Amino acid sequence: AEYGVVQGRPDNTVDSEGHLNRAEALTVYYRLFDMAPVYDENCTFPDVEEDVWFAAAVSTLCNMGMIGGYSDGTFQAENQLNRAEAMKILVEGIGDVPSPPYENLPSDVSEDEWYAPYAEYAVSRNLTNLSDGNFNGEHLYSRGDLFLNVYRYMRLEELGEEVYSSDLDPMV
């Protein structure tokens, strides 16, 4: 929160177990990567008004190729994000998408899954928790899940490290 990337709820709680929708998640990533707004007619969605609070994030991330809409052309801002989608946006923003063959792919992700490179990156850098050893790409993301990914990525960047470890945070 001190970096202006994540924010609490209006009632001043973090609500780490709370649902995270697409609009909220994209806004966090937009802030994380400190992107300048990019507006383009090719990245508009009929269900995203130009003046809505998340419009700049949606347009910019769409223009960067980090997100897209649904097959019906809508964005569906209120839909909840899953782990595969969240990792795609994070890794695309970092700009270091791995190519096969993968060395750290969890057993529940095959190399031909659309999100395999993002799972590989997240697992190899320990950006996400794999409590059961599986990636669980369809796992619906909570605010706490996203905050953990953002924190770990920011910590790696700050320290110039490649893989997150709790050793990097002696106070945690």
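Residues numbered from 1 in each chain as written. Predicted model: local features only at pLDDT ≥ 70, side-chain atom pairs only at ≥ 80, totals over all residues. Heavy atoms only, no water.

## As for the overall build of the chain
Thought 1: Along the chain, the regular secondary structure elements total five helices and zero strands.
Thought 2: The helix and strand sequence of the chain, counted from the amino end, reads α-α-α-α-α.
Thought 3: Counting the 172 residues in the chain, one finds 45% classified as buried.
Thought 4: Across the chain, contacts joining residues at least 24 apart in sequence account for 63% of those joining residues at least 6 apart.
Thought 5: Of the roughly 9,400 Å² of accessible surface on the chain, a fraction of 47% belongs to carbon and sulfur atoms. (Helix = DSSP H or I, 4+ residues; strand = E, 2+ residues; numbered from the N terminus. Buried < 20%, exposed > 50% of the residue type's maximum accessible area, 1.4 Å probe, protein only. Contact = heavy atoms within 4.5 Å. Areas by Shrake-Rupley, 256 points an atom, 1.4 Å probe, with all protein chains shown as cover.)

## So, a negative patch on the surface
Thought 1: Together, Asp 108, Glu 111, Asp 112, Glu 113, Asp 132 and Glu 138 line one region of the surface with negative charge.
Thought 2: Turning to its location among the elements, Glu 138 is positioned in the loop between helix 4 (116-124) and helix 5 (143-159).
Thought 3: On the basis of relative accessibility, which here comes to 57%, the residue Glu 138 falls in the exposed class. (Patch = residues over 30% accessible without salt bridge, like charges linked within 9 Å, V, L, I, M, F, W, Y side chains within 5 Å. Salt bridge = Lys/Arg side-chain N within 4 Å of Asp/Glu carboxyl O. Lys, Arg positive; Asp, Glu negative; His and termini not counted. Charge placed at Lys NZ, Arg CZ, Asp CG, Glu CD.)

## As for the packing of aromatic side chains
Thought 1: As enumerated under the stated definition, the model contains eight aromatic pairs in all.
Thought 2: The interplanar angle of 25° and the centroid separation of 5.8 Å between the aromatic rings of Tyr 115 and Phe 135 together place this pair among those described as stacked. Separated by 20 residues along the polypeptide, Tyr 115 in the loop between helix 3 (83-94) and helix 4 and Phe 135 in the loop between helix 4 and helix 5 bring together distant segments of the chain.
Thought 3: For Tyr 115, a relative accessible area of 7% puts it in the buried group.
Thought 4: Of the residues examined, Phe 135 reaches a relative accessible area of 0% and is grouped as buried.
Thought 5: Note that Arg 22 overlies the ring of Phe 75, its terminal NZ or CZ placed 4.3 Å from the centroid. (Phe/Tyr/Trp six-rings, centres within 6.5 Å; stacked < 30°, edge-to-face > 60°. Lys NZ or Arg CZ within 6 Å of the ring centre and 35° of its normal.)

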